[in-house]
Amino acid sequence: MNPSLSEEPETAHGSNPAGHFLEDVLAGLKSLPKHLSSKYFYDKTGDRLFQKIMAMPEYYLTRCELDIFKHKTDEIAELINADGEAFDLIELGAGDAMKSTFLLKYLVEKNADFSYLPIDISGNILSVLQRNLSRELPSLRVLPLEGEYFEMLKEASVRSSRRKVILFLGGNIGNMSREEAEAFCRELQEHLQPEDIVLMGFDLKKNPHTVLEAYNDRTGITAAFNLNLLSRINRELNGNFNTGQFQHYETYDPLTGSCRSFLISLADQEVHIGDEKISFSENEVIDMEVSQKFSMEDILELAQKTGFTVKGEIMDSRKWFVDSIWQTDHRQTK
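Treat the numbers as computed from the prediction; the structure is a model and nothing was measured.

Novice: What is the right way to look at the overall build of the chain in this model?
Specialist: Summing up its helical and strand segments, the chain has eleven helices and 14 strands in all. Rg of the C-alpha trace for the chain: 20 Å, near the compact-globule value of 20 Å for 334 residues, within the 12% margin. Its C-alpha atoms give the chain principal-axis dimensions of about 60 × 50 × 40 Å. Pairs at least 24 residues apart make up 73% of the contacts formed inside the chain by residues separated by at least 6 positions. For the chain, the accessible surface area stands at approximately 15400 Å², while carbon and sulfur atoms represent 48% of it. Considering the chain, the positive charge centre built from 36 side chains and the negative charge centre built from 54 side chains are found 2 Å apart.

This is the structure in structure tokens:
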């Protein structure tokens, strides 16, 4: 049964993902160089700011992948549902499912036998998502899963033995270093059966100015998005960051395809987080996020190194973004 707008949707939870927040923040800020995990950007304020980022004219990524999901929905459906058997459609980092909703509607209209399991660390955005889907697609079976990706993939496997189709959209694989991306894909492969499918979005290398402008908008929305993580630490972890003493900085290396976000300390200062004290020197950086860009050769190499074969590729009309469809390589399945 789908909840009404006044009801809280039923959501399966992991082992209190917020419980790791303090531990991860302190570990990151005590490291050299200091760093914070971008997965903690997404509280209510962060969700709202990211919605604004996606609407910015400079932020091409959403429009590129939306182009694919709006205009090539039949191609996606054919690649993920070729045999017509029942399956679970699992979206990692679902957010508001703006792009995948086009696929959900298409599959519902075609009477595909599937359930939708959105996974996200943000319970707030999952609540919004389920309310929206209950209005737009009341017949769709939806089970939101709040928590870390692989923990929730295990939960999904416990709940159903059906074939799995995994969506990992938005170029989110680019938020990892190359080593982290390889480790992530290997672990993902270990959670899948040979008949399972992965559809993964990759932002392609392009004009460096286009990339940099997408992450360094003149209106300051991206800066506010990064600084909000410091505000979240203040709100939830009893911190006392003065966000006015930190400045957003963005850089892009067209040779490696690495776009990186930093916060720069504007003064020598001390910050308290609960009982812990963190010292910053003037001009010291906090490494906030990487947004990696790929060539087609990079994508093929990543798939092959981590136990997958590439079954198909769907590009947007400008060929700035690709959704690559992978299947477990039987020869590498243990």
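Novice: Can you help me understand the sheet that holds strand 2 (residues 34–35) in this one?
Specialist: One key point about sheets: their strands pair by backbone hydrogen bonds, in either a parallel or an antiparallel sense. Strand order in this open sheet of four strands is 2-12-9-8, and the pairing throughout is mixed. On the outer flanks of this sheet lie strand 2 and strand 8 (246–253), each paired with one strand and no other. In this sheet, strand 12 (residues 285–292) lies alongside strand 2 in parallel orientation, the contact comprising two bridges. Looking at strand 12, one finds that H35 is bridged to D287.

Novice: Teacher, can you tell me more about the pattern of salt bridges here?
Specialist: Pairing of side chains with opposite charge becomes possible as their charged atoms draw close. Applying the stated criterion across every chain, the model contains 21 salt bridges. Two residues, D43 and R235, come together in a salt bridge whose shortest N-O distance is 2.4 Å. Of this pair, D43 sits in the loop between strand 2 and helix 2 (44–55) while R235 sits in helix 10 (residues 221–237); the two residues are 192 residues apart in sequence, bridging distant segments of the chain. Overall, the relative accessible area of 47% leaves R235 in the partly exposed class. Between R162 and D113 there is a salt bridge whose closest N-O contact spans 3.3 Å. Separated by 49 residues along the polypeptide, R162 in the loop between helix 7 (149–159) and strand 6 (163–168) and D113 in the loop between helix 5 (100–109) and strand 4 (114–120) bring together distant segments of the chain. Taking relative accessible area as the criterion, D113 reaches 39% and is therefore assigned partly exposed. Several salt bridges share partner residues, and in doing so they unite D88, D113, R141, R162 and K164 into one network.

Novice: How do you make sense of the side chain of E284 when you look at a structure like this?
Specialist: In this structure, E284 sits in the loop between strand 11 (276–280) and strand 12. Among the polar contacts listed, one links the side chain of E284 to the backbone nitrogen of S281, at a separation of 3.0 Å. Other than its neighbours up to four places away in sequence, E284 contacts L32, K34, L263, I264, S265 and S279.

Novice: Help me understand the packing of aromatic side chains in this model?
Specialist: Each aromatic ring pair is specified by the distance between its two centres and by the angle formed by the two planes. Enumeration according to the criterion identifies 21 aromatic pairs in this entry. Summarising the aromatic geometry, the rings of Y42 and F50 are spaced 5.7 Å apart at their centres and angled 90 degrees between planes, so their arrangement reads as edge-to-face. Each residue in the set F41, Y42, F50, Y59, Y215 and F225 is aromatic and connected to the rest through ring pairs, giving one cluster. In this arrangement the basic side chain of R232 is found over the ring face of F21, its NZ or CZ atom lying 4.5 Å from the centre. Across from the ring centre of W320, 3.8 Å away, lies the NZ or CZ of R318, which sits over that ring.

Novice: What is the right way to look at the confidence of the model for the chain in this model?
Specialist: Close inspection of predicted coordinates is inappropriate for parts of the model with low pLDDT. Considering every residue of the chain, the mean pLDDT works out to 90; 93% of them sit at 70 or more. Predicted confidence is poor over residues 1–17, with pLDDT under 50, and the contacts of this stretch with residues over four places away or in other chains come to 38 contacts.

Novice: Would you mind going over helix 10 with me for this structure?
Specialist: Residues that lie three or four places apart on an α-helix share one face, since the helix turns once every 3.6 residues. With 17 residues, helix 10 extends 24 Å between its outermost C-alpha atoms, agreeing within 8% with the 24 Å of an ideal straight helix rising 1.5 Å per residue. In the structure, helix 10 departs most strongly from a straight axis at L227, where the bend amounts to approximately 25 degrees. Restricting attention to buried positions, one finds in helix 10 the residues I221, T222, F225, N226, L227, N228, L229, L230, R232, I233 and L237. At the exit of helix 10 stands N238, carrying a positive phi of roughly 60 degrees.

Cut-off values and rules
- Residues numbered from 1 in each chain as written.
- Predicted model: local features only at pLDDT ≥ 70, side-chain atom pairs only at ≥ 80, totals over all residues.
- Heavy atoms only, no water.
- Helix = DSSP H or I, 4+ residues; strand = E, 2+ residues; numbered from the N terminus.
- Rg over C-alpha atoms; globule rule 2.2 N^0.38 Å.
- Contact = heavy atoms within 4.5 Å.
- Areas by Shrake-Rupley, 256 points an atom, 1.4 Å probe, with all protein chains shown as cover.
- Lys, Arg positive; Asp, Glu negative; His and termini not counted.
- Charge placed at Lys NZ, Arg CZ, Asp CG, Glu CD.
- Pairing = 2+ DSSP bridges.
- Salt bridge = Lys/Arg side-chain N within 4 Å of Asp/Glu carboxyl O.
- Buried < 20%, exposed > 50% of the residue type's maximum accessible area, 1.4 Å probe, protein only.
- Polar contact = N/O pair within 3.5 Å; in protein donor to acceptor, adjacent residues only side chain to side chain.
- Phe/Tyr/Trp six-rings, centres within 6.5 Å; stacked < 30°, edge-to-face > 60°.
- Lys NZ or Arg CZ within 6 Å of the ring centre and 35° of its normal.
- pLDDT = per-residue confidence, 0-100.
- Expected span 1.5 Å × (residues − 1).
- Bend = angle between axes of the 7 residues up to and from the residue.

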